[in-house]
Amino acid sequence: MSAPFSVSPEILAPAGTEEAFLAALSSGANAVYLGLSEGFNARNRSNAFSLETLPDLVRRAHAANVKLYLTLNTLVFESELTALEELLRGVIAAGVDALIIQDPATAFLARKLSPEIRLHASTQMTISSAEGAEFARTLGIERVVLPRELSADDVARFTEASSMECEVFVHGALCIS
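The structure contained in this document is the topic of the report that follows.

## Some details on the overall build of the chain
- Looking only at helices and strands, the chain features six helices and seven strands.
- Each helix and strand of the chain, placed in order from N terminus to C terminus, yields the pattern β-α-β-α-β-α-β-α-β-α-β-α-β.
- Put simply, the chain has 177 residues, and 43% of those count as buried.
- Taking as baseline every contact in the chain between residues at least 6 positions apart, the subset at least 24 positions apart corresponds to 56%.

## Some thoughts on the pattern of salt bridges
- Enumeration over the complete set of coordinates arrives at 13 salt bridges.
- Residues Arg 60 and Glu 18 are paired through a salt bridge, measuring 2.3 Å at the closest nitrogen-oxygen approach. With Arg 60 in helix 2 (residues 54-63) and Glu 18 in helix 1 (residues 18-26), the pair connects residues that are 42 residues apart, well separated along the chain.
- Between Arg 137 and Glu 134 there is a salt bridge, with the nearest N and O atoms lying 3.3 Å from each other. Separated by three residues within a single helix, Arg 137 and Glu 134 lie in helix 5 (residues 130-138), roughly one turn from each other.
- In this structure Arg 137 comes out as partly exposed when scored by relative accessible area, which is 35%.

## Notes on the pairing of strand 2 (residues 31-34)
- Residues Ala 31 and Tyr 33 line one face of strand 2 and the alternating positions Val 32 and Leu 34 line the opposite face, and both faces are buried.
- In the classification by handedness, the crossover that spans strand 1 (residues 12-14), the intervening helix 1 and the parallel strand 2 is right-handed.
- For strand 2 and strand 3 (residues 67-72), the ladder comprises four bridges, and the chain directions are parallel. Each bridged residue has a counterpart across the sheet, and for Ala 31 the counterpart in strand 3 is Lys 67.

## Quick word on helix 4 (residues 104-113)
- Of the residues making up helix 4, those classed as buried are Thr 106, Ala 107, Leu 109 and Ala 110.
- For helix 4, the side-chain oxygen to backbone nitrogen distance between the N-cap and Ala 105 is 2.8 Å, and the N-cap itself is Asp 103.

## Points about helix 2
- For helix 2, every residue scored as buried is listed here: Leu 54, Leu 57, Val 58 and Ala 61. Burial along helix 2 is one-sided: seen end-on, the buried residues are contained in an arc of 100°.
- For helix 2, the secondary structure elements touched by its buried residues are helix 1, strand 2, strand 3 and helix 3 (81-94).
- Two residues or fewer after helix 2 comes Asn 65, characterised by a positive phi angle close to 60°.

## A short note on unusual backbone geometry
- The phi angle at Phe 40 is positive, at roughly 65°, despite the residue not being glycine.
- Classification of Phe 40 as buried rests on a relative accessible area of 14%.
- The phi dihedral of Asn 65 falls on the positive side, at around 60°, and the residue is not glycine.
- As for its position among the elements, Asn 65 is in the loop between helix 2 and strand 3.

## Observations regarding the packing of helix 1 against helix 2
- Helix 2 packs onto helix 1 with a crossing angle of 25° between their chain directions and a minimal axis gap of 10 Å. Of the possible angle classes, the one that applies to helix 1 and helix 2 is roughly parallel. Of the two possible hands of crossing, helix 1 and helix 2 adopt the one that is right-handed. Where helix 1 approaches helix 2, its residues Glu 18, Phe 21, Leu 22 and Leu 25 are matched on the opposing element by Leu 57, Arg 60 and Ala 61.
- Classifying every residue of the contact of helix 1 with helix 2 gives five nonpolar, no polar and two charged.

Rules of the game
- One numbering rule holds for all chains: residues counted from 1, following each sequence as written.
- Totals for whole chains, interfaces and linings use every residue, but because this is a predicted model, local features are given only for residues with pLDDT of at least 70 and side-chain atom pairs only at 80 or more, for both listing and counting.
- As a rule here, side-chain values come from all non-hydrogen atoms in the structure, and water together with hydrogens is ignored.
- For the purposes of this entry, the term helix denotes a DSSP run of H or I that reaches at least four residues, the term strand denotes a run of E that reaches at least two, and both are numbered from the N terminus.
- Accessible area is worked out with a 1.4 Å probe on protein chains only. A residue is then buried under 20% of its type maximum, exposed over 50%, and partly exposed in between.
- A contact between two residues is defined here by any heavy atoms of the two lying within 4.5 Å.
- Each reported salt bridge corresponds to a side-chain nitrogen of Lys or Arg within 4 Å of a carboxyl oxygen of Asp or Glu.
- The handedness rule is simple: strands pointing away from the viewer, and a clockwise path from the first strand over the helix to the second, make the crossover right-handed.
- Here the rule is simple: two strands pair whenever DSSP picks up at least two bridges between them.
- Throughout this description, a polar contact denotes any pair of N or O atoms lying within 3.5 Å of each other; where both atoms belong to protein, one of them has to be capable of donating a hydrogen while the other can accept it, and for residues adjacent in sequence the pair is counted only when both atoms sit in side chains.
- Note that the arc is defined by the directions from the helix axis to the C-beta atoms.
- Comment: axis = line fitted to C-alpha atoms, over the contacting stretch for helices; angle = value between 0 and 180 degrees taken between N-to-C directions.
- Our angle categories are set so that under 35 degrees counts as roughly parallel, over 145 as roughly antiparallel, 65 to 115 as roughly perpendicular, and the remainder as oblique.
- Less than a right angle of anticlockwise turn of the near helix away from the far helix marks a crossing as left-handed, whereas a clockwise turn marks it as right-handed.
- Under the scheme applied here, ten amino acids are nonpolar (Ala, Val, Leu, Ile, Met, Phe, Trp, Tyr, Cys and Pro), four are charged (Asp, Glu, Lys and Arg), and all others, including Gly, are polar.

Quick look at the structure:
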């Protein structure tokens, strides 16, 4: 079973270091994703990028005709909401192209601060069905990163049953593979 693509695939590359960021820009990636040292992302071992450097990263990515997506893909505790809001304000001001999120609270807060910001459901949200995609849509999410455990047939079934934009990992079980 296979589903035809209705749009051209986007090549999205991870960047955990400045070297990886530059490689993505020069290697034909359409977009790059990264996390910040301020936290709220599953890439917590990478401290290469910060909110302070984010505007320059966005500028450099856009100059190379590459989108920049920021991962905010961890669960957020109530005691962290003020810090998350402060971070989101800076991230939105920096001009990132989308946020890759896990927690519905992050979606609500991002939407409140910027109705225009694109939201992608991280693979950590574990959305694997059309029904799950519809829930994500109620949060303002426009793209679902499907769980890595799905087979090609599972992905085909998802794309046949949902009009939600989807993303799949095509190499390895780790983002850095």
